[in-house]
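A look at the structure
Given next are the chains, with one letter for each unit.
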Amino acid sequence: LHELIHGIAWSTQCKKGWGSIYIGVVWKKLTPFCHCMEPLSFKSYLFGGLAPFAVLGVAIYFIAFFTGNILMLILSFFNMVAAGGDLTIALMLLPYPHALIVDHPTECGFVAFVKKA
């Protein structure tokens, strides 16, 4: 679900929509991933990168808070922790607010293309 949310969010920012999104699994590491094949602006990449944290972490936290449901609170906490890699990538992205961002095709992270002044 986490990777699907990345894909949905990024697809709304892509010219080719869902056609630019690839979701798969690195079976040797049992790691699911979502890859966006189009270059995106800083804001678009950040939006898709943090979408699972916002939906599965923060939104579920607010539901738990207002309903008093402890299981939802635990679920939100688990999802916030699970988005730790996404938060790390978002922090790494911050120095490039005017760059064109390309999701790295084989590694976790991105490549930032910056115009020289």
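Cut-offs used in this document
- Residues numbered from 1 in each chain as written.
- Predicted model: local features only at pLDDT ≥ 70, side-chain atom pairs only at ≥ 80, totals over all residues.
- Heavy atoms only, no water.
- Helix = DSSP H or I, 4+ residues; strand = E, 2+ residues; numbered from the N terminus.
- Buried < 20%, exposed > 50% of the residue type's maximum accessible area, 1.4 Å probe, protein only.
- Contact = heavy atoms within 4.5 Å.
- Areas by Shrake-Rupley, 256 points an atom, 1.4 Å probe, with all protein chains shown as cover.
- Lys, Arg positive; Asp, Glu negative; His and termini not counted.
- Charge placed at Lys NZ, Arg CZ, Asp CG, Glu CD.
- Arc of directions from axis to C-beta.

1. Some words on the overall build of the chain
Within the chain one finds four helices and five strands. Tracing the chain from N to C terminus, the helices and strands come up as α-β-β-β-α-α-α-β-β. With respect to the principal axes defined by its C-alpha atoms, the chain has extents near 50 × 35 × 25 Å. Residue burial in the chain is summarised as follows: out of 117 residues, 35% are buried. Pairs at least 24 apart in sequence give 47% of the contacts found in the chain among residues at least 6 apart. Only carbon and sulfur atoms are counted for the fraction: they give 72% of the accessible area of the chain, which is about 7,800 Å². Across the chain, the 7 positively charged side chains and the 5 negatively charged ones have centroids separated by 10 Å.

2. Observations regarding helix α4 (residues 84–93)
Because an α-helix completes one turn every 3.6 residues, residues spaced three or four positions apart along the sequence face the same direction. Within α4 the residues assigned to the buried category are Asp86, Ile89, Ala90 and Leu93. Buried residues of α4 fall within an arc of 105 degrees about the axis and therefore sit on the same side. Residues of α4 that are buried sit in contact with α1 (2–11), α2 (42–67), β4 (100–103) and β5 (110–113).

3. A look at the environment of Gly109
Relative to the helices and strands, Gly109 is located in the loop between β4 and β5. Excluding anything up to four places from it in sequence, Gly109 contacts Tyr45, Ile89, Asp103 and His104.

4. Some remarks on the environment of Tyr61
Counting through the fold element by element, Tyr61 comes out in helix α2. Tyr61 sits in the partly exposed class, given a relative accessible area of 33%. Along the backbone, Tyr61 and Lys29 are 32 residues apart, and their C-alpha atoms lie at a distance of 29 Å.

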